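# Architecture at a glance
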Amino acid sequence: MSSPRGTKACGGVAADRQIHVLAVDDSSVDRAVIARILRSSKYRVTTVDSGKKALELLGLEPNVNMIITDYWMPEMTGYELLKIVKESSELREIPVVIMSSENVPNRINRCLEEGAEDFLLKPVRPSDVSRLCNRMR
């Protein structure tokens, strides 16, 4: 009889050590969509609705393996969140992925230059998550 222990989740991480993704989006619909896609790829997902709440959670939950954030949000954009994460000695190693419904090359390039792991266009598809999963290996 085989045991679920030792089976592989996304990124080659053992199933009992799921990759923890923090999904940040002010749209409840988009949060639900990205959480569903991530969970179907065996990620552990925590969702918040603002960059400020993301930073609060990161202060309390140091075991986040990746952040996926919307670009346009009130109070703090995903770009601002990216910059804060990459300037933090405690957080800078966490890969940050930016999402947006707008395909603006200057914005995409600026995020990538600031250290974003990737820039996804909404609606995010399962194939986008598979691509991220392959990068986490």
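In every chain, residue numbers begin from 1 and rise along the written sequence. In view of the model being predicted, local features appear only for residues whose pLDDT reaches at least 70, and side-chain atom pairs are presented and counted only at 80 or more, with totals across whole chains, interfaces and linings using the full set of residues. The side-chain quantities take in all heavy atoms of the structure and omit both hydrogens and water.

### Remarks on the nonpolar core
Residues Leu22, Val24, Leu58, Ile67, Ile98 and Cys111 are the most contacted members of the largest nonpolar core, which totals 23 residues. Helix and strand definitions follow DSSP, with helices as H or I runs of at least four residues and strands as E runs of at least two, each counted in order from the N terminus. Elements that contribute at least two residues to this core include exactly strand E1 (20-24), helix H2 (51-60), helix H3 (78-87), strand E4 (96-100) and helix H4 (105-113). Per-element tally for this core: the top contributor is H3, with four residues. Every residue pair with non-hydrogen atoms within 4.5 Å of one another is taken to be in contact. Sequence-distant contacts of Leu58, defined by excluding residues within four places in its chain, comprise Leu22, Val64, Ile67, Val85, Leu91 and Ile94. Definition used in this section: a nonpolar core is a set of buried Ala, Val, Leu, Ile, Met, Phe, Trp, Tyr and Cys residues joined via side-chain atoms within 4.5 Å. When accessible area is computed with a 1.4 Å probe and restricted to protein chains, residues below 20% of their type maximum are described as buried, those above 50% as exposed, and intermediate ones as partly exposed. The next biggest cluster of nonpolar side chains, apart from the first, holds 18 residues, and it includes Val21, Ile68, Leu120 and Val129.

### Considering the packing of H2 against H3
In this description, a line fitted to the C-alpha atoms serves as the axis of each element, helices being fitted only across the stretch in contact, and the angle between N-to-C directions of two axes falls anywhere from 0 to 180 degrees. Close contact between H2 and H3 brings their axes to 10 Å; oriented N to C, the two are set at 25 degrees. In this view, H2 runs roughly parallel relative to H3, as classed from their interaxial angle. Between H2 and H3 lies a crossing whose hand is right-handed. Where H2 abuts H3, its residues Gly51, Ala54, Leu55 and Leu58 lie against Leu81, Ile84 and Val85. Here the residues of the contact of H2 with H3 are counted per class, giving six nonpolar, one polar and no charged. Under this scheme an angle from 65 to 115 degrees is roughly perpendicular, one under 35 degrees roughly parallel, and one over 145 degrees roughly antiparallel; angles in between are oblique. Handedness of a crossing is defined here by the sense of rotation of the near helix relative to the far one, left-handed for an anticlockwise turn of less than a right angle and right-handed for a clockwise turn. The nonpolar class holds Ala, Val, Leu, Ile, Met, Phe, Trp, Tyr, Cys and Pro. Asp, Glu, Lys and Arg form the charged class, and all remaining residues, Gly among them, are polar.

### Regarding H2
All of the buried residues in H2 are Gly51, Ala54, Leu57 and Leu58. Projected onto a plane normal to the axis of H2, the buried residues spread over an arc of 115 degrees and lie on a single side. Residues Gly59 and Leu60 are exposed on H2 and point more than 90 degrees away from its buried face. Those residues of H2 hidden inside the fold are in contact with E1, strand E2 (44-48), strand E3 (66-70) and H3. This arc is built from the directions going out from the helix axis to the C-beta atoms.

### Considerations on the sheet that holds strand E5 (residues 118-121)
By the convention used here, strands pair only if DSSP detects at least 2 bridges between them. Reading across the sheet, the five strands line up as E2-E1-E3-E4-E5 and stay open at both edges, with parallel pairing between neighbours. With one partner strand each, in any of the chains shown, E2 and E5 form the two edges of the open sheet. Averaged over all pairs of adjacent strands, the angle between their axes in this sheet comes to 20 degrees, without regard to strand direction. The pairing of E1 with E2 spans five bridges and is classified as parallel. Bridge pairing in E2 places His20 opposite Arg44. The sheet contacts of H2 involve E1, E2 and E3, and relative to E1 the element is tilted by about 155 degrees. Packing against the sheet, H4 makes contact with E4 and E5, and its axis sits at approximately 150 degrees to E5.

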